[in-house]
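Chains, contacts and geometry: an overview
Residues per chain are reported as follows:
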Amino acid sequence: MSAVSENPPVQRSAPPLMGEPKEREPEQVTSLSTSIAGLFVIVGLFGWLWIGAGFRSFVLVVGLVIMITLHELGHYLTARWTGMKVTQFFLFFGPRVASFHRKGIEYGVRMIPAGAFVRIVGMSNLDECAPEDEPYAYKNATYPRRMLVITAGSMMHFFQAILLFLVLSSVIGVDNP
């Protein structure tokens, strides 16, 4: 007779498709030289923009950075207001240039000036959450709260447009009412 193994099959979990990258502690990721180099890259890009492309282009890019920051601020504020746990608020992408922690949230600047992001616990069903964070996860919030957080960035663009129109029409005026 042949002996048949009675070991149950090993279940392996598939790697998450849309999971957030696992990040190391800031002390392990960046050194002082990396932070200084990143700061020089960002300042150098903006300086090159001012000198090489002109003042108008510089103002346009700074306006875009402000617009992107306010967009992410909309997500951040509504996530906090609706009781979701926010862990990071960063301007730009890539390696950290500078960051600080306040009340459990890491705020900072990264090296590649191409956007910004807010990291909310449980943004995807594939994200692993600590058991103590489950009540504060995005995926466990009610549908209206999730929609409010997602649309808050776009609503900030409407508020920016209204504010810009009010300022320009009051300062410059309207030629043909």
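Note: the structure precedes this text.
Described in the following lines is the structure provided in the data block. Residue numbers run consecutively from 1 along every chain, following the written order of its sequence. Selection of residues for local features in this predicted model requires a pLDDT of at least 70, selection of side-chain atom pairs for listing and counting requires 80 or more, and totals for whole chains, interfaces and linings are taken over all residues. Excluding hydrogens and water, the side-chain figures rest on all heavy atoms present in the structure.

Looking now at the layout of surface pockets. In this approach the atoms are scanned with a rolling probe the size of a water molecule, which exposes any empty space left behind. A 1.4 Å probe that fits but cannot get out identifies a cavity on a 1 Å grid over protein atoms alone, an open set with protein on both sides within 12 Å along at least five of seven lines counts as a pocket, and a residue lines either if it has an atom within 4 Å of a point. Grid points are joined across faces, edges and corners, and a volume is the space filled by probe spheres set on the points. Size it by volume and the second largest pocket reaches roughly 300 Å³. If you trace the second largest pocket, you find it lined by Gly 63, Ile 66, Met 67, Leu 70, His 157, Phe 159, Gln 160, Ala 161, Leu 163, Leu 164 and Leu 168. At the level of elements, helix H3 (55-81) and helix H4 (143-171) are the ones that each hand at least two residues to the lining of the second largest pocket. Helix and strand assignments come from DSSP, with helices taken as H or I runs of at least 4 residues and strands as E runs of at least 2, each series counted from the N terminus. Among the elements that line the lining of the second largest pocket, the one with the most residues is H4, at seven residues. Polar here means any residue outside two lists: the nonpolar Ala, Val, Leu, Ile, Met, Phe, Trp, Tyr, Cys and Pro, and the charged Asp, Glu, Lys and Arg; Gly therefore counts as polar. Of the residues assigned to the lining of the second largest pocket, the class counts are eight nonpolar, three polar and no charged.

In a soluble, globular protein the nonpolar side chains are often hidden away together inside. Counting residues in each nonpolar core, the largest one holds 12 residues, listed as Tyr 76, Ala 79, Met 84, Val 86, Phe 89, Ile 105, Tyr 107, Val 118, Ile 120, Tyr 138, Ala 141 and Val 149. It is strand E2 (residues 105-120) that contributes the most residues to this core, four residues altogether. Here a residue-residue contact requires only that any non-hydrogen atoms of the pair lie within 4.5 Å. Excluding anything up to four places from it in sequence, Ala 141 contacts Met 84 and Arg 146. Nonpolar cores were defined as sets of buried Ala, Val, Leu, Ile, Met, Phe, Trp, Tyr and Cys residues, with membership established by side-chain atoms within 4.5 Å. Only protein chains enter the accessibility calculation, which uses a 1.4 Å probe; a residue whose area is less than 20% of its type maximum is buried, one above 50% is exposed, and one in between is partly exposed. Judged by nonpolar contacts, the second largest core, of 10 residues, contains Ile 42, Leu 91, Met 111 and Ala 116.

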